[in-house]
Amino acid sequence: MDRRTFCLGSAAAAVCCHAEGVFAATGTGATGAATASRSPAIALDEIVFDSRYAECRSFAAAARRSGHQTIAFEGDVTPLWHDMLRPLWAAGRGSVAGMTTPSSLFCLEQMAKDHWRHVVIRIDHRRSLIGFSHRVTATEPMLSRTFAALNRRQDWPERVMELLGSCERAKDRPCSSGPVSDDLLDPSVASGADLVSWVISA
Amino acid sequence: MKLPPGVKPKEFSSALAEFEQAVGKQWVFTSDEDVDLYRDAYSPFLHEAEERVASAAVAPSSTEEVQQIVRTANRYRIPLYAISTGKNLGYGGSAPAYSGCVVVDLKRMNRILEVNEANAFALVEPGVSYFDLYHHIRQRNLKVWIDCPDPGWGSVVGNAIDRGGGYTSANYRNHFDSHCGMEVVLPNGELLRTGMGAIPNAKTWQQYKSGCGPWIDGIFSQSNFGIVTKMGFWLMPQPEAYLRCTVSLSHYRDLGPLVETLNYLENARITSGFPDIASPLNGYPPIGQIQLLFENGPPTMTEEHKKLLGEVKLGYSGELEAYGLKAGIAYWELWLSFHGPMEVIEAQWQAAQRHFAKIDGARFRIVDRLSLPIDPAKAEQYHEPEFGIPSLRAFSIGARTPWNPTPSKGHMWFSPIIPRTGEAIIEANRVFSEAARDLGMPLFGTFTLPACFWERSFIFILATPVTEDPATNKRYREGFQKLIEIGGQHGWGEYRTAPVFQKAVMDVYSFNDHALRRFHETLKDAIDPNGVLSPGRYDIWPKHLRGTQS
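The numbering scheme is per chain: residues are counted from 1 as the chain's sequence reads. Lettering for chains starts from A, numbering for ligands starts from 1, and both go in the order in which the items are written. Reporting of local features is limited, given that this is a predicted model, to residues whose pLDDT is at least 70; pairs of side-chain atoms are given and counted only at 80 or more, and all residues count toward the totals for whole chains, interfaces and linings. Think of the side-chain values as coming from all heavy atoms in the structure, minus any hydrogens and water.

Helix and strand assignments come from DSSP, with helices taken as H or I runs of at least 4 residues and strands as E runs of at least 2, each series counted from the N terminus. Helix and strand content of chain B: 16 helices and 20 strands. The size measure is the radius of gyration over C-alpha atoms, and the globule rule it meets is 2.2 Å times the number of residues to the 0.38 power. Its C-alpha radius of gyration of 24 Å places chain B within 12% of the 24 Å reference for a compact globule of 550 residues. Projecting the C-alpha coordinates of chain B onto the three principal axes gives extents of approximately 75 × 55 × 45 Å. We call a residue buried when its accessible area falls under 20% of the maximum for its residue type, exposed when it is over 50%, and partly exposed in between, using a 1.4 Å probe and counting protein chains only. Across the 550 residues of chain B, 61% fall into the buried class. When contacts within chain B are restricted to residue pairs at least 6 apart in sequence, long-range pairs at least 24 apart make up 73% of them. We treat Lys and Arg as the positive residues and Asp and Glu as the negative residues; His and chain ends play no part in the count. Throughout, a charge is located at the NZ atom of Lys, the CZ atom of Arg, the CG atom of Asp or the CD atom of Glu. Measuring between centres, the 54 positive side-chain charges of chain B sit 2 Å from its 61 negative side-chain charges. The contact criterion used is simple: two residues touch if any of their non-hydrogen atoms lie within 4.5 Å.

Right, let's talk about the sheet that holds strand β8 (residues 179-185) of chain B for a bit. All names here are of chain B. Only strands that DSSP links by at least two bridges are regarded as paired with each other. Here 5 strands make up an open sheet; going across it, the order is β5-β6-β10-β8-β9 and the pairing antiparallel. The outermost strands of the open sheet, each flanked by one partner alone, are β5 (112-116) and β9 (191-193). Across the sheet, the axes of successive neighbouring strands diverge by a mean angle of 10 degrees, strand direction being ignored. Bridge count for strand β6 (residues 121-124) against strand β10 (residues 227-234) is 4 bridges, and the pairing is antiparallel. In the sheet register, L123 faces β10, and the bridge partner there is G232. For every element, the axis is a line fit to its C-alpha atoms; helices are fit only across the contacting stretch, and the angle between N-to-C directions ranges from 0 to 180 degrees.

As a further point, take the confidence of the model for chain B. Confidence in the prediction of chain B, expressed as mean pLDDT, is 95, and 98% of residues score 70 or more. Here the complex is predicted with pTM 0.91, and the ipTM for its interfaces comes to 0.89. The quantity known as pLDDT measures the predictor's confidence residue by residue, on a range of 0 to 100.

With that out of the way, let us pick up the sheet that holds strand β2 (residues 56-58) of chain B. Read from one edge to the other, the open sheet built from 4 strands follows the order β1-β2-β4-β3 (chain B), with strand pairing classed as mixed. At either end of the open sheet lies a strand with only one pairing partner, and these are β1 (28-29) and β3 (80-83) of chain B.

Here we come to helix α3 (residues 63-76) of chain B. All names here are of chain B. The span one expects for a helix is its residue count, reduced by one, times 1.5 Å. Here α3 spans 20 Å end to end across 14 residues, near enough to the 20 Å set by a 1.5 Å rise per residue. All of the buried residues in α3 are T63, E65, V66, Q67, I69, V70, T72, A73 and N74. Just downstream of α3 lies R77, where phi reads positive at about 60 degrees.

The next thing to look at is the state of the cysteines. Cysteine sulfurs are considered disulfide-paired once they come within 2.5 Å of each other. Here the structure, examined in full by the defined rule, presents 0 disulfides over all chains. Sulfur of A:C56: no disulfide; nearest cysteine sulfur belongs to A:C107 and is 15 Å away.

This part covers the environment of B:Y76. Residues and elements named next belong to chain B. Tracing the chain through its elements places Y76 in helix α3. Sequence separation between Y76 and E423 is 347 residues; the distance between their C-alpha atoms is 54 Å. When neighbours within four sequence positions are excluded, Y76 is seen to be in contact with E11, S14, A15 and E18.

Residues and elements named next belong to chain B. Residues F121 and L123 point to one face of β6 and A122 and V124 to the other, with burial holding for every one of them. As paired elements, β5 and β6 share 4 bridges and run antiparallel to each other. Within β6, the residue paired with I112 across the bridge is V124. Between the end of β5 and the start of β6, which pair antiparallel, lie 4 residues, with A120 showing a positive phi angle near 55 degrees.

Residues and elements named next belong to chain B. Structurally, T271 is set in the loop between α7 (255-267) and β13 (276-278). A distance of 3.4 Å separates the side chain of T271 from the backbone oxygen of S337, its partner in a polar contact. Excluding its chain neighbours within four sequence positions, the residues that come into contact with T271 are L262, L265, E266, L336, S337 and F338. Polar contacts, as used here, are pairs of N or O atoms within 3.5 Å; protein pairs need one atom able to donate a hydrogen and one able to accept it. Residues neighboring in sequence count only if both atoms are side-chain atoms.

What follows is about the side chain of B:T85. Turning to its location among the elements, B:T85 is positioned in the loop between β3 and β4 (102-105). Given a relative accessible area of 8%, B:T85 falls into the buried group. Within the structure, B:T85 has its side chain in polar contact with the backbone nitrogen of B:S155 (distance 3.2 Å). Beyond its immediate chain neighbours, meaning those up to four positions away, B:T85 contacts A:D114, B:K107, B:P126, B:G127, B:W153, B:G154 and B:S155.

With omega at 10 degrees, the peptide bond leading from A:E140 into A:P141 counts as cis. By the element assignment, A:P141 lies in the loop between β5 (131-138) and α6 (142-150). Following B:L372, the chain continues into B:P373 via a peptide bond in cis, with omega recorded as 10 degrees. Assignment of secondary structure puts B:P373 in the loop between β15 (363-371) and α12 (376-379). You will see that B:L314, though not glycine, has its phi angle at about 50 degrees, which is positive. Within the element layout of this structure, B:L314 appears in the loop between α9 (303-309) and α10 (318-327).

Listed below in structure tokens is the structure:
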């Protein structure tokens, strides 16, 4: 098993092309400089989602429209990790995107570490009575792309899937974090579970 | 690339090259991104320069590779820090006690060497997780149970040598106590087997613990005297049936008799499953129900009940007790579980009721009566670890929900051992709640009940939050240290702690001018003269670093 194995299949090219369309549609896209140095998009092997939440179901529906297979789970990541992700990671494969609760991601991140895999982008979606605010942690160009794609968008779960489907791996760039939209929400008021979108890759 | 303290770049490069030769280039990690994987996810130094971090990591796949790594480390004086899977979050995770160590990551040593059904034991390497061992047993339909902690992602060996515990029967809950035989790479690279394993071609390595002569296994737990590369464990024969019952008591004064009766029943093995003490009247659930409470929300409570809770002292007021009697809410509720043949455990429950019936007004209830093995599809209705089933569901406890609006980033476990008496529970509540209030630490609700993992003592476990704010974390760290000191003044000491608090904890174990620490140091100097192995673990420092670390 080689931890550095990294699969780039035909699906990656398809996702990449799709992503270009997204950013053209948002009217921002990546800068010329970023485009020039663009890395190939990560080929996602699995898309997982917590089917208890409507936003996650929308995310998964967008994934299926893009030609991905999706895996649903409900809260407890134990069977998802043990039956699906662990064998993939142990085989040196398995770039995975998901929309889950933060605690599910925390578990999966710790388990992914066992295979020297990292969370390469995370977008926190904090829920309140009036909606969601988003915060992204990533390297460029994903940082800029997320700002552009999600700011004040009602259809953010679908947009998130499009973003993650075009996620680039930039190991040599610094990772930073910032709010995508003005944080209007009172953190002491939770109307339900927060969510987070992410990609785990080698 | 980070460097270990006092090691020149050229020497470090040479050592890394030798590590690569020993284990293969792809199993030596030096990039910041890879080394960051070994940071403590719950570090109380989050976002601070003092966070203890590794310089590199190396992941051997065999005992021989571990020996080569240790020999290389001695040649170049490279400090190592061995982890098995590094999942003991709240107690330090995979981060070293001494910044700049090279982490020796043993998770690739994940072979289950034997599971013996006939005599109920296993021999495993340190990379074997509870999930691995559980599924190995299930796939082969072996009639034995593991005992696992919550969550079950950690290493069987690692949790045992960190002296962790689980949730099944008293004979197996203490994971170090249930081990039988070790293989250890000593700090000079030599290989040692303990107990009967010291006999070449031993026939009873996992069947008789102590061998002959001094029994040294204990010095390889919570220490830095060797790297354990194999370890045997006694497993629990799969029970035929399971019975879970509660004993409910109505008065505050009943806590002492409850504990005393429980102690007798457990020490006499009339009950042996994980006992769990709750206080419905104080809104304090049993440990086994906490994750369900976080998943589904707390039980509803009347306004009158909430108001009365706001006025209690040490979990008591006469008005609250009267309310409980009127509303039929128990002051104390003891959850008992029994494993064994149905006719035996029914008889044990009968005997338990007879003893508890001596307490006025004791009420009894059977919660579950199950034939085993449990259908795995139904296991999620229960606290799985009580059936020896590993799970990750414990993390629902940390989610942000309407009933937990500001979850912490992580936690540091404050875990003093206190006597197994009702008086000690109340005294620990008094001492630590007053201290926590003075220190501004959010550790207490109305009343805290201890965990019953161990026989003959309680762990008075409190989760100290780790936040995103360095100033708050600093205050909590200082408060944590103060709590350790206060505990020591009352004769209570931690059973386990994260590296950042290991000095403070070991300071408490100070009988006869720190004779225990001096003995540890004498051993360290003799066994590891170059001080390469896990310097500072449990405050055992090699001579050249002694007194230089805070």
